[in-house]
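Working through the structure, step by step
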Amino acid sequence: MSDEAPSDDIKRANQRGAARLAAVQALYQMDLSGTGVLEIVSEYENFRLGQELDGDQYLKADASWFRSIVAGVVKDQRALDPVIADSLVEGWPLSRLDATLRAIMRAGVFELRERKDVPAPVIITEYVEIANAFFNEEEPKLVNAVLDSVARKIRGSSR
């Protein structure tokens, strides 16, 4: 074991993971409450990201990554939803999914479309891990299948 501090790349990756989780939580909250993007981003940046709230310590997150995901999903939702729907089982509309699953998939598809600098397997793995934090076995498998399908269509790649 080394006494060296973690590399900047590891710190940045961990902060991006925390930003992804916070973005999913914010998108979920927006979906249920109808809160606007500016209000939710401000709330998270001022009171949640890296802060303690009601005895819970939130992870330090890359605030710009968080903002880009939340704002991008809101801006592009009309384009993202059909991409997700095309990867679901026929007859299973996106509206039938749990709000948390919709948030996870929207954020993941947004990143697959817009963040070409991040490898598809990294994005898929991150969002499957987020799904594992909220759900049991079936939902993370669904997230994996949908994001993998979307990655193949958008990037011509797979895991």
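Below is a summary of the structure that appears in this document. This one's a predicted model, so the numbers in the text were calculated from it and none came from an experiment.

With respect to the overall build of the chain
If you tally the helices and strands in the chain, you get six helices and two strands. The contacts in the chain between residues at least 6 apart in sequence include a share of 68% that link residues at least 24 apart. When the accessible area of the chain is evaluated, it comes to approximately 8,900 Å², of which 49% is carbon and sulfur surface.

Here we look at the packing of aromatic side chains
Counted by the stated rule, this structure contains one aromatic pair. For the cation-ring pair, arginine 96 lies above tryptophan 92, with the distance from its terminal atom to the ring centre recorded as 3.6 Å.

Some thoughts on the pattern of salt bridges
The tally for this structure, following the rule as stated, stands at ten salt bridges. Of the charged contacts in the structure, one is a salt bridge between lysine 75 and aspartate 76, with a shortest N-O distance of 2.9 Å. In this structure aspartate 76 comes out as buried when scored by relative accessible area, which is 11%. Overlapping salt bridges bring together Arg20, Glu111 and Glu126 as one network.

Points about helix α2 (residues 37–47)
For α2, the full list of buried residues reads Ile40, Val41 and Tyr44. On an axial view of α2, the arc spanned by its buried residues comes to 100°, and they lie on one face. Opposite the packed face of α2, turned more than 90 degrees from it, sit the exposed residues Leu38, Glu39 and Phe47.

Calculation notes
- Residues numbered from 1 in each chain as written.
- Predicted model: local features only at pLDDT ≥ 70, side-chain atom pairs only at ≥ 80, totals over all residues.
- Heavy atoms only, no water.
- Helix = DSSP H or I, 4+ residues; strand = E, 2+ residues; numbered from the N terminus.
- Contact = heavy atoms within 4.5 Å.
- Areas by Shrake-Rupley, 256 points an atom, 1.4 Å probe, with all protein chains shown as cover.
- Phe/Tyr/Trp six-rings, centres within 6.5 Å; stacked < 30°, edge-to-face > 60°.
- Lys NZ or Arg CZ within 6 Å of the ring centre and 35° of its normal.
- Salt bridge = Lys/Arg side-chain N within 4 Å of Asp/Glu carboxyl O.
- Buried < 20%, exposed > 50% of the residue type's maximum accessible area, 1.4 Å probe, protein only.
- Arc of directions from axis to C-beta.

Such coordinate-based values are descriptive only and should not be taken to indicate function.
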